[in-house]
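What follows is each chain in one-letter form.
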Amino acid sequence: MNFDNIYYRLNDPGEIRLCILLCIRYAGEPLSDGDIKHIMLSSTSVEFIDLCDALDKLLPENYTKNVWRDEVEKLDLTQQGIEMIDVFDDKITASVRASIKRTIDEYLNREGPKTQVKCIVTPAERNLYNVEVEITEGKTTLLSMTVFTGNKEKAARYAKGFRKNPMELYTKVIESLANLADDAEKENE
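Residues numbered from 1 in each chain as written. Predicted model: local features only at pLDDT ≥ 70, side-chain atom pairs only at ≥ 80, totals over all residues. Heavy atoms only, no water.

Enquirer: Looking at this model, I keep getting lost on a negative patch on the surface. Mind explaining?
Expert: On the surface, Asp-182, Asp-183, Glu-185, Glu-187 and Glu-189 cluster together into a negatively charged patch. Its place among the elements puts Glu-185 in helix α7 (residues 166-188). (Patch = residues over 30% accessible without salt bridge, like charges linked within 9 Å, V, L, I, M, F, W, Y side chains within 5 Å. Areas by Shrake-Rupley, 256 points an atom, 1.4 Å probe, with all protein chains shown as cover. Salt bridge = Lys/Arg side-chain N within 4 Å of Asp/Glu carboxyl O. Lys, Arg positive; Asp, Glu negative; His and termini not counted. Charge placed at Lys NZ, Arg CZ, Asp CG, Glu CD. Helix = DSSP H or I, 4+ residues; strand = E, 2+ residues; numbered from the N terminus.)

Enquirer: Explanation requested: the nonpolar core in the structure shown.
Expert: One broad trend across soluble globular proteins is that nonpolar side chains are buried collectively. Core analysis: the biggest nonpolar cluster contains 28 residues, and Ile-16, Ile-20, Leu-31, Ile-36, Met-40 and Ile-100 have the highest contact counts within it. Breaking this core down by element, the ones donating at least two residues are α1 (13-27), α2 (33-43), α3 (48-58), β4 (72-77) and α5 (94-111). With 9 residues, the top contributor of residues to this core is α1. The residues contacting Ile-36, other than those within four sequence positions of it, are Ile-20, Ile-24, Leu-31, Leu-55 and Leu-75. Val-133, Ile-135, Ala-155 and Phe-162 belong to the second largest nonpolar core, which has 10 residues in total. (Core = buried A, V, L, I, M, F, W, Y, C linked by side-chain atoms within 4.5 Å. Buried < 20%, exposed > 50% of the residue type's maximum accessible area, 1.4 Å probe, protein only. Contact = heavy atoms within 4.5 Å.)

Enquirer: Which parts of the structure should I look at to understand the state of the cysteines?
Expert: Linking two cysteines covalently via their sulfur atoms produces the bond known as a disulfide. Per the stated rule, a full pass over the model turns up 0 disulfides. Of the cysteine sulfurs around Cys-23, a residue in no disulfide, the closest is that of Cys-19, at 7.0 Å. (Disulfide = S-S within 2.5 Å.)

Enquirer: I keep staring at the packing of α2 against α3 and nothing clicks. Help me out?
Expert: For any two helices packed against each other, the geometry comes down to the angle between their axes and how far apart the axes lie. Where α2 contacts α3, the two axes come as close as 11 Å, and the packing angle between them is 135°. Looking at the two axes, α2 sits oblique to α3. At the point where α2 passes α3, the crossing takes the right-handed sense. Contact with α2, carried on its side by Asp-33, Ile-36, Lys-37, Met-40 and Leu-41, involves Phe-48, Leu-51, Cys-52 and Leu-55 of α3 and no other residues of that element. Tallied by class, residues from the contact of α2 with α3 come to 7 nonpolar, no polar and 2 charged. (Axes fitted to C-alpha atoms, helices over the stretch in contact; angles between N-to-C directions. Parallel < 35°, antiparallel > 145°, perpendicular 65-115°, else oblique. Left-handed = near helix turned anticlockwise from the far one by under 90°. Nonpolar A, V, L, I, M, F, W, Y, C, P; charged D, E, K, R; others polar.)

Enquirer: I keep staring at the side chain of Ser-43 and nothing clicks. Help me out?
Expert: By secondary structure assignment, the location of Ser-43 is in helix α2. Given a relative accessible area of 9%, Ser-43 falls into the buried group. Leave out the neighbours within four places in its chain, and Ser-43 touches Ser-99, Ile-100 and Thr-103.

Enquirer: So what exactly am I meant to see when it comes to unusual backbone geometry here?
Expert: Note on backbone geometry: most residues besides glycine have negative phi, and most peptide bonds are trans. Of note in this structure, Asn-62 is not a glycine but carries a positive phi near 65°. Along the chain, Asn-62 falls in the loop between α3 and β3 (64-69). A relative accessible area of 38% places Asn-62 in the partly exposed class. Positive phi outside glycine occurs at Asn-127, with the angle close to 60°. Relative to the assigned elements, Asn-127 resides in the loop between β5 (115-125) and β6 (128-137). Owing to a relative accessible area of 57%, Asn-127 belongs among the exposed residues under this scheme.

In structure tokens, the structure reads:
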């Protein structure tokens with residue numbers, strides 16, 4: 001019987017970065033630096049210094065981007081990061097991949113409610129910003145939209161308003177859609 005793989009140690013910098021990208025993709029939402037460290041240290045055998053070094057390289061390599069969610073800076077995947085993990089996902093050892101997924105499932109189950117509200121301020125262009133909002137219930141997306149806001153101050157103000165009462169926006173969008181449908185039906189009569 002061969003026991004070489006039981007204590008598989010992550011020490012390849014590229015593999016560590018792939019594992020971090022897997023964490024963010026599998027979670028399905030941006031994760032804070034601390035969350036990623038906790039997940040990686042709980043689910044893999046990786047040196048803390050190597051993990052920190054890998055995290056520091058993902059942003060300048062354009063695999064991750066900083067986003068603000070719930071007043072906390074978190075890491076999300078860029079398009080390049082999504083493509084990287086999609087192509088090289090199978091390069092992560094199956095036991096490591098399974099352990100990461102199991103740890104994230106446990107983390108998400110502890111984190112709470114089935115209805116989740118997400119609000120992210122993201123750069124649209126130089127000195128211009130969007131607010132991305134989403135309301136989900138379990139795996140069902142109730143509302144998902146991106147709104148161009150102009151400057152960062154306005155984006156922060158809109159994000160704060162949404163976080164305070166996200167269901168009000170949802171209700172107003174549904175009412176607006178219903179009114180538009182009613183108007184369209186009246187025009188067709």
